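Single-letter residue listing:
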Number of protein chains: 2
Amino acid sequence: MIPTLPAHSDFSLQNLPWGIFSVAGNDPRVGVAYGDHIIDMSVVAELGLFDFDVSVFYEDHLNPFISLGKEVTDAARSRVQELLQEEQGLLARHPEVFVARKAARMHLPVRIGDYTDFYSSIEHATNVGKMFRDPENALLPNWKHLPVGYHGRASSIVVSGTDITRPRGQVKPNHYPTPQFEPTSKLDFELEMAFVIGKDSTLGEPIATGDADDYIFGLALFNDWSARDIQKWEYVPLGPFLGKNFASTISPWIVPLAALEPFRTPGPTQDPEVLDYLKYTGNGNFDLKLEVTLTTSAGVSKTISRSNFKYMYWNMAQQLAHHTSNGCNVRVGDVMASGTISGKDETSYGSLLEISEGGRSPLAMPDGTERTFVEDGDTIVLRGYGVKDGLRVGFGEASGRVLPAR
Amino acid sequence: MIPTLPAHSDFSLQNLPWGIFSVAGNDPRVGVAYGDHIIDMSVVAELGLFDFDVSVFYEDHLNPFISLGKEVTDAARSRVQELLQEEQGLLARHPEVFVARKAARMHLPVRIGDYTDFYSSIEHATNVGKMFRDPENALLPNWKHLPVGYHGRASSIVVSGTDITRPRGQVKPNHYPTPQFEPTSKLDFELEMAFVIGKDSTLGEPIATGDADDYIFGLALFNDWSARDIQKWEYVPLGPFLGKNFASTISPWIVPLAALEPFRTPGPTQDPEVLDYLKYTGNGNFDLKLEVTLTTSAGVSKTISRSNFKYMYWNMAQQLAHHTSNGCNVRVGDVMASGTISGKDETSYGSLLEISEGGRSPLAMPDGTERTFVEDGDTIVLRGYGVKDGLRVGFGEASGRVLPAR
């Protein structure tokens, strides 16, 4: 029997995201999320449904599967979609393909070669620019001409559910005469979306905005944890480094781009007009609701932000076209994150830096405590989903609990 | 018979660097450079000399070999060193282990997970700071307190001998009213050394300066090609991105740290005193002569810089301790580069930006032409070596020819 799909499940028939899971005693392998279950693709593979090399489903990362190409991976997803609709079909006759999600442990879904982080929300860039630089000229001169981005650290990207140790680092607040090495006192989250590269490109050959979709396998939630005090002292002139690279959290299920097509929406008008290589025709943004919950060690929860991926000023196609415009190559499994996704007001800001105005305006928690930044024992959960015409496609969650500095 | 070692060879008995090579018709595999020859380690492995899994020598990157650990890799090198000294020994009886270097093609030696670039030469940072910022305050306040670094792109690191296509990018010189997308007109090299990580560390656990050597497998030459005009327009506030990530060139032979021990030398006095986690006892620098040659498409050559790795303000142990001080983990095959290595005057500057004073003082070539930056058809070759008491250990070269923009 095919498991019933719970109402409002993120992992609907329209979704079918890919991930790497394991159950007690077994090696990690490829699965597809469906409601409260995981379809074990290594078991499905044995049913003889696919004409490609199904050994990719026994791997502990999605890269070999993704490398088969979108034609193959999209067809595999469609095939699973069909089978799930056959009440007396093959899957119904093979209940062993379904594993309860709560019995499974999720793993990092891809082996990440390079990780790039953009800075593409105009609200976020404006908020940060006002705080750290000039309130009158919050956006730097290049911001509207190109999607500003930088390289991050791939080794420290962890899957949702992994605890985050509060980092130590060199800080120099204004009232310190000299820098000190100590645990960060300004630990923050950043609400981001990330896309996973689905196709290798060639060094020296740019990807046009119109071809970008071919290179985007799918999307996930992404929390780019940040230590604001470390970042502030270190970041001139070469950008963020130890203020970011102690950890980033990615959600375990990669939602294929095809599953997100119903949620496409136009992006904002870009003024001034962008250069030719950044021009994009069509609906480049996605209407995906995002939210952030903070839960204290005592279990007190508050949703501290509700944002939307559609707020992005620069879309993914433009980010990818810019990234490769100089010939830089991309590889299957590379991750590119959006940058913090903030909306117009403090209910939709994607970081505590913005919500608490750099600490000046603490956030009230239901238990009477306050937060300017993330405290030890707090858990930050990002969630995201699209809803349209009764259709729901969601990302599950990207969750991380903060442990005290060692 | 064991091949004769040519006088002044970089690849002496004391050196024995590791690389990945192939000869016509064969797959890439592990080799050791010795004089004008390569010792084919996959053939040596068949002689039954080693008690570890010798399949690592059939791989097309050094990571599996390096992952065996320094005790194993250093012992393997010592064993080869012994055998090369036995005139009637095993290697002498198996001439098939020796391949002429000129008959071989070299490949990228390691699969690089993450690439980090530091900025650790005080002369370079001062020169650049004077040019781009304030001549009176060339060094930013953090510079002497921590080894400034940033994440670079691993996917576009290429092995010596790979042509470099002049990148296009967004530039906005002062006389342009709006940015334009065009081939860089300020293509530069950067003379750097890189080290390859030899051991995985654990996320959350810093590496102390005193333990850093355990994590450094070996060193190579590194040319961090840069497009100064792209970099200048894009780099605020998040650092270099497309101005750097179109290509970096690494030399093919990784010289083990053990081979460089004779060239250790004290570093500069660090004033102000550094924080405890950055303190280093012993000789943290290496006296390695470095030089840069520019050769035009007509074959006219000039050595345009002679520098030395010993000039570094921050040593590799300090770089690694800083990089992991927040718990950031490193993995076998990660590459960390020094940043441009400049000496005290223009004969020892490690970039054309500095040599030509940002273009104001062109470099005269022997054929009467001038260079402010690198031109199409030019080849830049980095070389490096240590010499002491008749001993020579060298890196070969990191070479790249510039092709016109596509």
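Criteria and thresholds
- Residues numbered from 1 in each chain as written.
- Chains lettered and ligands numbered in written order.
- Predicted model: local features only at pLDDT ≥ 70, side-chain atom pairs only at ≥ 80, totals over all residues.
- Heavy atoms only, no water.
- Helix = DSSP H or I, 4+ residues; strand = E, 2+ residues; numbered from the N terminus.
- Rg over C-alpha atoms; globule rule 2.2 N^0.38 Å.
- Buried < 20%, exposed > 50% of the residue type's maximum accessible area, 1.4 Å probe, protein only.
- Contact = heavy atoms within 4.5 Å.
- Lys, Arg positive; Asp, Glu negative; His and termini not counted.
- Charge placed at Lys NZ, Arg CZ, Asp CG, Glu CD.
- Least-squares fit on C-alpha atoms with pLDDT ≥ 70 in both.
- Pairing = 2+ DSSP bridges.
- Axes fitted to C-alpha atoms, helices over the stretch in contact; angles between N-to-C directions.
- Buried area = accessible area lost by both parts, 1.4 Å probe.
- Salt bridge = Lys/Arg side-chain N within 4 Å of Asp/Glu carboxyl O.
- Polar contact = N/O pair within 3.5 Å; in protein donor to acceptor, adjacent residues only side chain to side chain.
- Nonpolar A, V, L, I, M, F, W, Y, C, P; charged D, E, K, R; others polar.
- Domains from an automatic or database assignment.
- Phe/Tyr/Trp six-rings, centres within 6.5 Å; stacked < 30°, edge-to-face > 60°.
- Lys NZ or Arg CZ within 6 Å of the ring centre and 35° of its normal.
- Core = buried A, V, L, I, M, F, W, Y, C linked by side-chain atoms within 4.5 Å.
- UniProt positions renumbered as here; feature names shortened; annotations may be inferred.

Peer 1: I'd love a proper account of the overall build of chain A, names of residues and values included.
Peer 2: For chain A, the count of helices and strands is eight helices and 26 strands. For chain A, whose C-alpha radius of gyration is 21 Å, the value lies close to the compact-globule estimate of 22 Å for 406 residues. Dimensions of chain A, computed from C-alpha atoms along their principal axes, come out at roughly 70 × 55 × 35 Å. In chain A, which comprises 406 residues, the proportion classed as buried is 62%. Restricting to contacts in chain A with at least 6 residues of sequence separation, those with at least 24 account for 72%. Averaging the locations of the 36 positively and 51 negatively charged side chains of chain A gives two centres separated by 5 Å.

Peer 1: Hey, could you go over the relation of the copies chain B and chain A for me, with residue numbers and the actual values?
Peer 2: Each copy of the chain is related to the other by a rotation around an axis and a translation along that axis. Between chain B and chain A, which share one sequence, the superposing operator has a rotation angle of 180° and an axial displacement of 0.0 Å; the RMSD is 0.0 Å. Such a turn and shift between the copies fits a two-fold axis. It is Gly239 of chain B whose C-alpha, among those of chain B, lies nearest the rotation axis, at 2.1 Å. The residues that chain B uses at the interface reappear at the interface of chain A in 100% of cases, marking a shared surface.

Peer 1: Could you give an account of the side chain of Asn15 of chain B, with specific residues and numbers?
Peer 2: Looking at where Asn15 of chain B falls in the secondary structure, it is placed in the segment before strand S1 (18–22). Contact partners of Asn15 of chain B, with chain neighbours within four places excluded, come to Asp10, Arg77, Val255, Pro256, Ala259, Val393 and Gly394 of chain B.

Peer 1: Got a sec to walk through the sheet that holds strand S5 (residues 105–107) of chain B? Specific residues and values, please.
Peer 2: Within a sheet, each strand pairs with its neighbour through backbone hydrogen bonds, oriented either parallel or antiparallel. Residues and elements named next belong to chain B. Overall, antiparallel pairing links the five strands, which are arranged S4-S3-S2-S1-S5 in an open sheet. The sheet is open, and its two borders are formed by strand S4 (98–100) and S5, each paired with just one other strand. With strand direction ignored, the average angle separating the axes of adjacent strands in the sheet is 50°. Sheet contacts for helix H3 (residues 70–84): S1, strand S2 (29–34), strand S3 (37–40) and S4; angle to S1, the most-contacted strand, approximately 70°.

Peer 1: Explain the interface of chain B and chain A to me, using residue names and the numbers behind them.
Peer 2: How big an interface is tends to be reported as the loss of accessible area on association of its parts. Opposite the 57 residues of chain B that make contact, chain A presents 57 residues. Taken together, both faces of the contact between chain B and chain A bury some 5,300 Å²; the carbon and sulfur share is 60%. For the chain B face of the interface with chain A, the top three residues by lost area are Arg153, Leu238 and Phe241 of chain B, together amounting to 15%. For the pair chain B and chain A, the number of links is six salt bridges. In this structure, Asp334 of chain A and Arg153 of chain B form a salt bridge, with 2.6 Å as the shortest nitrogen-oxygen distance. For the interface between chain B and chain A, the tally reads 28 residue pairs in polar contact (both at pLDDT 80 or more). At the level of secondary structure, the elements contributing two or more residues to the side of chain B that touches chain A comprise strand S6 (115–118), strand S7 (149–152), strand S10 (168–171), strand S11 (180–183), helix H6 (228–234) and helix H7 (316–324) of chain B. Per element, the largest residue contribution to the side of chain B that touches chain A is four residues, and it comes from S7 of chain B. Looking at side-chain class alone, the side of chain B that touches chain A contains 29 nonpolar, 19 polar and nine charged residues.

Peer 1: Let's hear about the environment of Ile207 of chain B: which residues, and what values?
Peer 2: Residue and element names in this part refer to chain B. Here Ile207 shows up in the loop between strand S13 (191–197) and helix H5 (212–215). Taking relative accessible area as the criterion, Ile207 reaches 5% and is therefore assigned buried. Note: C-alpha distance between Ile207 and Thr324 (117 residues apart in sequence) is 6.0 Å.

Peer 1: Which residues make up the domain arrangement of chain A, and what are the values?
Peer 2: All names here are of chain A. By domain assignment, chain A separates into domain 1 (18–107) and domain 2 (115–403). One C-alpha centre belongs to domain 1, the other to domain 2, and the line joining them spans 29 Å. Contacts between the two partners involve 18 residues from domain 1 and, on the opposite side, 17 residues from domain 2. When the buried surface of domain 1 facing domain 2 is broken down by residue, Trp18, Ile66 and Lys70 rank first, second and third, together holding 44% of it. On the surface where domain 1 and domain 2 come into contact, there are zero salt bridges. Counting every contact that joins domain 1 to domain 2 gives four residue pairs in polar contact (both at pLDDT 80 or more). The set of elements that each furnish at least two residues to the side of domain 1 that touches domain 2 consists of strand S1 (18–22), strand S2 (29–34), helix H2 (63–66), helix H3 (70–84) and strand S5 (105–107). In terms of residue count, the dominant contributor to the side of domain 1 that touches domain 2 is H3 (four residues). Within the side of domain 1 that touches domain 2, the residues separate by chemical class into eight nonpolar, six polar and four charged.

Peer 1: I'd like to hear about unusual backbone geometry, residue by residue, with values.
Peer 2: Along the chain, Val236 of chain A connects to Pro237 of chain A via a cis peptide bond; the corresponding omega equals 0°. Of note, Leu16 of chain A is a non-glycine position whose phi angle comes to about 55°, a positive value. Along the chain, the position of Leu16 of chain A falls in the segment before S1. Unlike most non-glycine residues, His8 of chain B shows phi in positive territory, near 60°. Take His8 of chain B: it is sitting in the segment before S1.

Peer 1: Which residues make up the sheet that holds strand S21 (residues 301–308) of chain B, and what values go with them?
Peer 2: All names here are of chain B. Strand order in the open sheet formed by five strands is S9-S26-S25-S20-S21, with mixed pairing between adjacent strands. The open sheet has two edge strands, strand S9 (164–165) and S21, and neither has a second partner. Looking at chain direction, strand S20 (residues 289–295) and strand S25 (residues 379–388) are connected through seven bridges and run antiparallel. Looking across to S25, one finds that Thr295 is bridged to Thr379.

Peer 1: Can you tell me about helix H5 (residues 122–132) of chain A, naming the residues and giving the values?
Peer 2: Those residues of H5 of chain A not exposed but buried are Ile122, Glu123, His124, Ala125, Asn127, Val128 and Gly129 of chain A. Summarising the contacts, the buried residues of H5 of chain A are in contact with helix H8 (352–355) of chain A.

Peer 1: Can you lay out the environment of Ser201 of chain B for me, pointing to particular residues and giving the numbers?
Peer 2: Residues and elements named next belong to chain B. Tracing the backbone shows Ser201 in the loop between S13 and H5. On the accessibility criterion, Ser201 (11% relative accessible area) is buried. Separated by 26 residues in sequence, Ser201 and His175 have C-alpha atoms that sit 49 Å apart. Excluding its chain neighbours within four sequence positions, the residues that come into contact with Ser201 are Ile207, Tyr215, Cys328, Asn329 and Val330.

Peer 1: Quick rundown of the packing of aromatic side chains? Include the residues and the values.
Peer 2: Applying the stated criterion to the full structure yields 25 aromatic pairs over all chains. Members of the aromatic cluster, each reached through a chain of ring pairs, are Trp18, Phe50, Phe52, Phe57, Phe65 and Phe217 of chain A. Across the ring face of Tyr385 of chain B, the terminal group of Arg392 of chain B is positioned such that the distance to the ring centre comes to 3.9 Å.

Peer 1: Which residues make up the nonpolar core, and what are the values?
Peer 2: Membership of the largest hydrophobic core comes to 146 residues, with the highest contact counts inside it found for Leu219, Phe309 and Leu320 of chain A together with Leu219, Phe309 and Leu320 of chain B. What Leu320 of chain B contacts, discounting residues up to four positions off in sequence, is Phe195, Ile197, Ile207, Ala212, Tyr215, Ile216, Val330 and Met336 of chain B.

Peer 1: Describe H7 of chain B, listing the residues and the values that go with them.
Peer 2: All names here are of chain B. With nine of nine residues buried, H7 is to be regarded as a mostly interior element. Among the residues making up H7, those that are buried are Met316, Ala317, Gln318, Gln319, Leu320, Ala321, His322, His323 and Thr324. Where H7 begins, one side-chain oxygen reaches toward the backbone nitrogen of Ala317, 3.0 Å away; that side chain belongs to Asn315.

Peer 1: Outline the UniProt feature "domain: Fumarylacetoacetase N-terminal" (unreviewed entry) in chain A, supporting the account with residue identities and numerical values.
Peer 2: UniProt records the feature "domain: Fumarylacetoacetase N-terminal" (unreviewed entry) for residues 14–109 of chain A in the present numbering. With 29% helix and 22% strand, residues 14–109 of chain A has end C-alpha atoms that lie 20 Å from one another.

Peer 1: Quick one: what's the story with the pairing of strand S20 (residues 289–295) of chain A, residue by residue and with numbers?
Peer 2: All names here are of chain A. Most of S20 sits out of view: six of its seven residues are buried. The pairing of S20 with strand S21 (residues 301–308) spans seven bridges and is antiparallel. In the strand pairing of S21, Leu290 is matched with Ser307. Count of turn residues in the S20/S21 antiparallel hairpin: five residues, of which Gly299 carries a positive phi of about 90°.

Peer 1: Outline the UniProt feature "domain: Fumarylacetoacetase-like C-terminal" (unreviewed entry) in chain A, supporting the account with residue identities and numerical values.
Peer 2: Per the UniProt record, the feature "domain: Fumarylacetoacetase-like C-terminal" (unreviewed entry) sits at residues 116–384 of chain A. The distance separating the terminal C-alpha atoms of residues 116–384 of chain A is 21 Å; by composition the span is 12% helix and 28% strand.

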